[in-house]
Number of protein chains: 2
Amino acid sequence: MTQAVRHDSMRARNLGVVLHEIRRSGPITRAALAEITGLTKTTVSKMVGDLLGGGMVVESGALREGERGRPGTAVSLSGDRVAALGLEIGVDHLSACVVDLTLSVRLRRTQAVDNRSTSPVETLHHLRKLAHRAVDEARSKGLVIAGSTLAVPGPVDDGLLRAAPNLGWRDVRVGDLLDFPVTVENEANLAALGELWFGSGHDDFLHVSGEANIGAGLVVGGALFRGARGHAGELGHVIVSPGGPACHCGGRGCLEQYAGQEALLKAADVLGGIPELVERLRGGETTALRACDRAGQALGVALTSAVRLTDPGAIVLGGIFAPLFPWIGGRTRDMLTARLAGTRQAVPGLGVSRLGGAAATLGAAGQVIHRIIADPGAHLTTTRPGTA
Amino acid sequence: MTQAVRHDSMRARNLGVVLHEIRRSGPITRAALAEITGLTKTTVSKMVGDLLGGGMVVESGALREGERGRPGTAVSLSGDRVAALGLEIGVDHLSACVVDLTLSVRLRRTQAVDNRSTSPVETLHHLRKLAHRAVDEARSKGLVIAGSTLAVPGPVDDGLLRAAPNLGWRDVRVGDLLDFPVTVENEANLAALGELWFGSGHDDFLHVSGEANIGAGLVVGGALFRGARGHAGELGHVIVSPGGPACHCGGRGCLEQYAGQEALLKAADVLGGIPELVERLRGGETTALRACDRAGQALGVALTSAVRLTDPGAIVLGGIFAPLFPWIGGRTRDMLTARLAGTRQAVPGLGVSRLGGAAATLGAAGQVIHRIIADPGAHLTTTRPGTA
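About the cut-offs
Residues numbered from 1 in each chain as written. Chains lettered and ligands numbered in written order. Predicted model: local features only at pLDDT ≥ 70, side-chain atom pairs only at ≥ 80, totals over all residues. Heavy atoms only, no water. UniProt positions renumbered as here; feature names shortened; annotations may be inferred. Helix = DSSP H or I, 4+ residues; strand = E, 2+ residues; numbered from the N terminus. Rg over C-alpha atoms; globule rule 2.2 N^0.38 Å. Buried < 20%, exposed > 50% of the residue type's maximum accessible area, 1.4 Å probe, protein only. Contact = heavy atoms within 4.5 Å. Areas by Shrake-Rupley, 256 points an atom, 1.4 Å probe, with all protein chains shown as cover. Lys, Arg positive; Asp, Glu negative; His and termini not counted. Charge placed at Lys NZ, Arg CZ, Asp CG, Glu CD. Buried area = accessible area lost by both parts, 1.4 Å probe. Salt bridge = Lys/Arg side-chain N within 4 Å of Asp/Glu carboxyl O. Polar contact = N/O pair within 3.5 Å; in protein donor to acceptor, adjacent residues only side chain to side chain. Domains from an automatic or database assignment. Phe/Tyr/Trp six-rings, centres within 6.5 Å; stacked < 30°, edge-to-face > 60°. Least-squares fit on C-alpha atoms with pLDDT ≥ 70 in both.

Chain A has the name Sugar kinase in an unreviewed UniProt entry, where Streptosporangium carneum is given as its organism. Entered under Sequence similarities (unreviewed entry) in the UniProt record, the comment concerning chain A runs "Belongs to the ROK (NagC/XylR) family."

**Student:** What is the right way to look at the overall build of chain A in this model?
**Tutor:** The helix and strand inventory of chain A stands at 12 helices and 16 strands. Taking 2.2 N^0.38 as the reference for a compact globule, 388 residues should give roughly 21 Å; the C-alpha atoms of chain A span a radius of gyration of 23 Å, in line with that estimate. Referenced to the eigenvectors of the C-alpha coordinate spread, the extents of chain A come out at roughly 75 × 50 × 45 Å. Residues classed as buried in chain A amount to 55% of the 388 residues present. Within chain A, contacts between residues at least 6 apart in sequence are counted, and of these 62% link residues at least 24 apart. Carbon and sulfur atoms provide 50% of the accessible area of chain A, an area that totals close to 15800 Å². Taken as two groups, the 40 positive and 37 negative side-chain charges of chain A have centres that lie 4 Å from each other.

**Student:** What am I meant to see in the interface of chain B and chain A here?
**Tutor:** Many structure descriptions define interface size as the accessible area lost when the parts assemble. At the interface, 62 residues of chain B touch 61 residues of chain A. Of the roughly 5400 Å² buried where chain B meets chain A, counting both sides, 52% is carbon and sulfur surface. Scanning the region where chain B abuts chain A turns up 2 salt bridges. A salt bridge links A:R308 to B:E234, with the nearest nitrogen and oxygen atoms 2.7 Å apart. Linking chain B to chain A there are 20 residue pairs in polar contact (both at pLDDT 80 or more). Put simply, the parts of the chain that give the side of chain B that touches chain A at least two residues each are α1 (3-25), α2 (30-37), β13 (215-220), α9 (286-310) and α10 (321-340) of chain B. At 10 residues, α1(B) tops the list of elements feeding residues into the side of chain B that touches chain A.

**Student:** What's the story with the domain arrangement of chain A in this structure? I'm lost.
**Tutor:** The assigned domain composition of chain A is domain 1 (3-77), domain 2 (82-193 + 359-377) and domain 3 (200-354). The gap between the C-alpha centroids of domain 1 of chain A and domain 3 of chain A is 46 Å.

**Student:** Would you mind showing me how to read the pattern of salt bridges here?
**Tutor:** Where charged atoms of side chains with opposite charge meet at close range, the side chains can pair. What the rule picks out here adds up to 26 salt bridges over all chains. Among the salt bridges present, the one from B:D50 reaches B:K46, with a minimum N-O distance of 2.8 Å. Residue B:D50 and its partner B:K46 are both found in helix α3 (residues 41-53); the two are separated by 4 residues, about one turn of the helix. When its relative accessible area of 46% is taken as the criterion, B:K46 is described as partly exposed. In this structure, B:E185 and B:R226 form a salt bridge, with 2.7 Å as the shortest nitrogen-oxygen distance. Within this pair, whereas B:E185 is found in strand β11 (residues 183-186), its partner B:R226 is found in the loop between β14 (223-225) and α6 (256-259), the two being separated by 41 residues in sequence. For B:R226, a relative accessible area of 31% puts it in the partly exposed group. Sharing partners across several salt bridges, the network here consists of A:E276, A:R280 and A:E285.

**Student:** Looking at this structure, I do not really get the packing of aromatic side chains. What am I missing?
**Tutor:** Any aromatic ring pair is given by two values, namely how distant the centres are and how the planes are angled relative to each other. What the rule picks out here adds up to 1 aromatic pair over all chains. When the ring of A:F225 is compared with that of B:F225, the centres are 4.3 Å apart and the planes differ by 40°; the resulting orientation is tilted. Here the residue A:F225 occupies a position in strand β14 (residues 223-225), and B:F225 occupies one in strand β14, the pair thus bridging two chains. Like B:F225, A:F225 is buried.

**Student:** When you look at the relation of the copies chain B and chain A in this model, what are you seeing that I'm missing?
**Tutor:** Relating one copy of the chain to the other takes a rotation about an axis and a shift parallel to that axis. Each copy of the sequence occupies a distinct position, and chain B is placed on chain A by a rotation of 180° and an axial shift of 0.0 Å, giving an RMSD of 0.1 Å. Overall, the copies show the geometry of a two-fold rotation axis. When you check the interface residues of chain B against chain A, 98% turn up at the interface there too, and the contact is symmetric in its surfaces.

**Student:** Quick question: what am I supposed to make of the environment of A:K141 here?
**Tutor:** All names here are of chain A. Checked against the element boundaries, K141 lands in the loop between α4 (120-140) and β7 (144-152). For K141, a relative accessible area of 39% corresponds to the partly exposed category. Beyond its immediate stretch of four places on either side in the chain, K141 contacts R106 and L107.

In structure tokens:
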């Protein structure tokens, strides 16, 4: 690496340090920023100028530093211009949301579409229209969409959706079917990030999401754990019983065969989906109760292995497990306690996400904002006047 | 947080940035360091002076920067003074090693002791003597031990060894039985770090270690994944079959009940330990072969769940699985392929560690060095003249 390249990367890092400090401590003066960061005042002033020009910070009046000295003009993070678009393709819906640089949710739109019966081209056509409406609406509020992330229900390799069994899709390069740049990411990962940034306020947890697929996202110390290739958290294919029923993944006895939406509805003898199952559970129907009991037990086995391997601070159930929690949670919790309490100081708490279906979309938009804040230089480079 | 405190932490961070840059690019001049880091020349000179004073860097002759300007004196990382002590308590041995700031291994000592039949006090008495001999020997080479880490065969909470079933210990505050400060850490974590810093050169892998206990350490992007409380990687208690044999952890059907040393030797009908088992396997004894087959299968099930949850780049088998690999590895690999190949672009490779029994001790010493390099300020503060 040449010194010029390293110099550039150090400048980019310092710009990130300055923005991070403004975000944490703003309103704050340039003098205080130089003092805290150890950078020269000239460097700080130049960087604040760039951030002001990019609409990422805003001047917010004079601030006196200590007893002595002239008051300086303070700067703060601005929620008025830079924003991000979060999108989701679900089994029965498309969603969009816009979040600004201060992580305030500025708009949310959901559209009921049965994506099981439509092709990728059709679904993405609907999504494109939804996205454009959201961008237009954001623009009318003075916001500029700096980037977007799309949540999809399956594993993603470099933008390629490998498989989404509940949509019947395989190897779809989703981004190519949209007319704007988008980062494509697994919904379980994004839902965990949504829970982190917009949810319960925990910093360490395993978030379980999913409809047909059971996925999980592990957050440790406020960061998503992705594994070597971004496929960590495939809780649905943790083995509950090696001789159990065959799974579409090629294995046997995976969690999904006991607690996935399809297996659960089949065991409960329900045709009408989770709302109908909940109704029958409320009515105390034995078959439905037994199916949930079995699912809760299997979930307890898989989560025990997950706790052993990943040591989460807490477990947050989302997706179908949120509405089913009253009939599944108790059995799952008992299982975890029986198998973990003997050797652990603390068994991770088991709770329910409060974000409902919005977790993945919020996580998608939040991811864009967090990337901009971590590397504002890259954002400023791509949004120089005339190119935005 | 006050600005003074933040200022201090920023200074400490900058000192780390300077040392990191010297380590990566040395020999390098102060002028080039200022250029690359964006810090003022005064700040860089002061920091380099502190690092020279602490023996962490050394001046290494003049270096001309580009075409113009006077040649400046270059500095490099020094392996001549600051060093770390790595220690390990195993079932049948005690080990020590000394590693210098450049991560060169300067000495290694192992002592055969049957720690199953001794109390913590006795064992730690032997370890203390071994450690002092290693420190004296290091001193005779001009090295100063800046810190030490001790690997123990069980989970650790804040220095408290919670349980080491193969030693028969429970809730032992190991550090209190030594007469020098030591960080106590689970051997599976340290063995993974040893593999990272001194082993195969991979940056992303799951390292499986263990004797009676089966432990694992996950390294992702060159960093150990610890989980929320440092207990991640308890592979031995991943559930292979929920109705299987009772385990000392309180659960049933844990991997250790199929592939742990005790279970394996019992199933193979071997009294004399792993070397005897290997001998019988070489002789083609059916009971021994069957036991390994069963263990390999169980290891395959547990590792499938581990891959699903943590997505490691590769799997490296150490501990008892290294000598047993010829009789276990094939079955484990078949299991992984059968269960993962259908949904994954790549099934993680399965290999054997080349570090033998030294992985944890090397990881222990390496951890101290990496902490010093990440925060040289803390090291310099504790080793001011007169306090070393």
